[in-house]
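Take a look at the letters that make up each chain.
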Amino acid sequence: MKSLKKVLLFFVVLFGISTVFAQKVTTQAIDKPSEGKSLVYILKTGAGALINFRIYDKDVFLGSLPSGKYLAYECEPGQHLFWAGAENRDYVEANLEPNSVYVINAEGQMGAFVAGVNLRPMNPNEFRDKKVFYQVVKNDTKQFYTKSDEDKSENIAKAMEKYQELKSKNSNKIAVLTSDMKFENADKPTK
């Protein structure tokens, strides 16, 4: 009888511990920008797990973004041109308001030889976008922008030339991040 009580107590404790650890995180705070600044989260999802996407804010190299990480970039509000390089280059024009948080997803795409990248502004009113943001913040590691001394001038010049070419053709390949696409948190979305 004593051993039965011990076994029963063991299972009660085990069940209690597993219940506590099985609780899912449903609310996640996100960093807020310094007063008067904007904060942009740049996620990496999709194909190309072995490829690092090179992320830029016009002529500023923000860093290489490997799988399992996301970038938090604090900047001045106003007009920005974010772009990413992989097998291709992809662009997002952004109008950022002060004291606001925005999210861009660098989605890996199957390319001819290596993965390509598709930069996509995320909308806080879209269930899918909120779910992706929640999962990335929950599971991946944050890296902050740090200034680099690497010379990227040749790559930047080529990218700006391609951007001007697309712009002159009124290409729909340039995505737009509007000032109202602000995220307040990375909470688990519910339908």
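Small disclaimer: the values here were computed from a predicted structure and weren't measured.

Glancing now at unusual backbone geometry. At Lys 58, a residue that is not glycine, the phi angle is positive and equals roughly 55°. Position of Lys 58 relative to the elements: it lies in the loop between strand E2 (53-57) and strand E3 (60-65). According to the relative accessible area criterion, Lys 58 is partly exposed, its value standing at 47%. Within the chain, Asn 170 stands out as a residue other than glycine whose phi angle is a positive 50°. Considering the arrangement of structural elements, one finds Asn 170 in the loop between helix H3 (153-168) and strand E10 (174-177). What makes Asn 170 exposed here is its relative accessible area of 72%.

Right, let's talk about the layout of surface pockets for a bit. In this structure, the largest pocket occupies an estimated 160 Å³ of space. Considering the residues around the largest pocket, the lining is formed by Asn 88, Arg 89, Asp 90, Val 117, Asn 118, Lys 162, Leu 166 and Lys 173. Residue assignment for the lining of the largest pocket shows that the elements contributing at least two residues are strand E6 (89-96), strand E8 (116-121) and H3. Taken together, the residues that form the lining of the largest pocket break down as 2 nonpolar, 2 polar and 4 charged.

On to the sheet that holds strand E7 (residues 100-109), then. Where strands meet in a sheet, backbone hydrogen bonds hold them as pairs that are either parallel or antiparallel. Pairing within the open sheet is mixed, and its 5 strands lie in the order E8-E7-E1-E4-E9. Strands with a single pairing partner mark the edges of an open sheet, and in this sheet they are E8 and strand E9 (141-144). Ignoring which end each strand starts from, the neighbouring axes of this sheet average 25° apart. For strand E4 (residues 69-75) and E9, the ladder comprises 4 bridges, and the chain directions are parallel. Considered in E9, the bridge of Ala 72 is made with Phe 144. Sitting on the sheet, helix H2 (residues 127-139) is in contact with strand E1 (38-46), E4, E7, E8 and E9, with an inclination near 90° to E1.

This next bit is on the sheet that holds E3. An order of E3-E2-E5-E6-E10 is seen for the 5 strands of this open sheet, with the pairing classed as mixed. Among the strands making up the open sheet, the edge pair consists of E3 and E10. The average angle at which neighbouring strand axes cross in this sheet is 20°, direction not considered. Pairing geometry for E6 and E10, over 4 bridges, is parallel. Bridge assignment links Glu 93 to a residue of E10, and that residue is Val 176. Lying on the sheet, H3 is in contact with E2, strand E5 (78-85), E6 and E10; it crosses E6 at an angle near 75°.

What counts as what
- Residues numbered from 1 in each chain as written.
- Predicted model: local features only at pLDDT ≥ 70, side-chain atom pairs only at ≥ 80, totals over all residues.
- Heavy atoms only, no water.
- Helix = DSSP H or I, 4+ residues; strand = E, 2+ residues; numbered from the N terminus.
- Buried < 20%, exposed > 50% of the residue type's maximum accessible area, 1.4 Å probe, protein only.
- 1 Å grid on protein atoms, 1.4 Å probe; cavity = no way out; pocket = protein on both sides within 12 Å on 5 of 7 lines; lining within 4 Å.
- Points joined across faces, edges and corners; volume = space filled by probe spheres on them.
- Nonpolar A, V, L, I, M, F, W, Y, C, P; charged D, E, K, R; others polar.
- Pairing = 2+ DSSP bridges.
- Axes fitted to C-alpha atoms, helices over the stretch in contact; angles between N-to-C directions.
- Contact = heavy atoms within 4.5 Å.

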